[in-house]
Amino acid sequence: MAFDDLDPVSKLKLGKTFQWIGVAALAVGAIGGLLVVLGPDTSDMTTRQNILFGIFCCFAPTLLPAVPMIIVGRMMQKAARSDGSGSLYRNWD
């Protein structure tokens, strides 16, 4: 199914869903990174190493799928709002 085959309501719903998935992925990465940084120091890792590990191994990998999902979601919502035949009557333009 091509992107242009969807009706405006489906594009809006999918766009919102993609945005929520992207935001949720960022939140999971941020929470995982914070848990690593704020966790107890049971090993001989320094605080700086914990911070770098939290950023590069927990938060950074979630940016790869999350940012494109948010961008695609916003693009789908914009395309749906300008694509509908009744968009002039719904004040979307």
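Above this text is the structure in question.
Model, not experiment: these values are computed from the prediction. (Residues numbered from 1 in each chain as written. Predicted model: local features only at pLDDT ≥ 70, side-chain atom pairs only at ≥ 80, totals over all residues. Heavy atoms only, no water.)

A. Layout of the overall build of the protein chain. Each helix and strand in the protein chain was counted, giving 2 helices and 0 strands. Taking all 93 residues of the protein chain together, 22% fall into the buried category. Within the protein chain, residue pairs in contact and separated by at least 24 positions form 71% of the contacts whose partners lie at least 6 positions apart. A total accessible area of about 6,700 Å² is found for the protein chain, and carbon and sulfur atoms account for 68% of it. (Helix = DSSP H or I, 4+ residues; strand = E, 2+ residues; numbered from the N terminus. Buried < 20%, exposed > 50% of the residue type's maximum accessible area, 1.4 Å probe, protein only. Contact = heavy atoms within 4.5 Å. Areas by Shrake-Rupley, 256 points an atom, 1.4 Å probe, with all protein chains shown as cover.)

B. Representation of helix α1 (residues 8-38) within the structure. For α1, built from 31 residues, the straight-helix expectation of 45 Å at 1.5 Å per residue is met to within 8% by its first-to-last C-alpha distance of 45 Å. Of the positions making up α1, those classed as buried are K11, L12, G15, Q19, G22, G29 and G33. (Expected span 1.5 Å × (residues − 1).)

C. Layout of a nonpolar patch on the surface. A contiguous nonpolar patch, built from I51, L52, I55 and F56 and spanning about 350 Å² of accessible area, is present on the exposed surface. Inspection of the secondary structure puts I51 in helix α2 (residues 47-83). Judged by its relative accessible area of 36%, I51 falls in the partly exposed class. (Patch = residues over 30% accessible without salt bridge, like charges linked within 9 Å, V, L, I, M, F, W, Y side chains within 5 Å. Salt bridge = Lys/Arg side-chain N within 4 Å of Asp/Glu carboxyl O.)

D. The arrangement of the environment of P8 in detail. With respect to the helices, strands and loops of the structure, P8 is situated in helix α1. For the pair formed by P8 and K78, sequence separation is 70 residues and the distance between their alpha carbons is 9.8 Å.

E. Quick look at the side chain of Q19. Locating Q19 in the fold gives a position in helix α1. On the basis of relative accessibility, which here comes to 17%, the residue Q19 falls in the buried class. Contacts of Q19, omitting those with residues within four sequence positions, involve M69, I70, G73, R74 and Q77.

F. Quick peek at the environment of V23. For V23, the position within the fold is in helix α1. On the basis of relative accessible area, V23 is assigned to the partly exposed category, the value being 42%.

G. Quick peek at the environment of L12. Its place among the elements puts L12 in helix α1. Between the alpha carbons of L12 and R74 there is a distance of 9.1 Å; along the sequence they are 62 residues apart.

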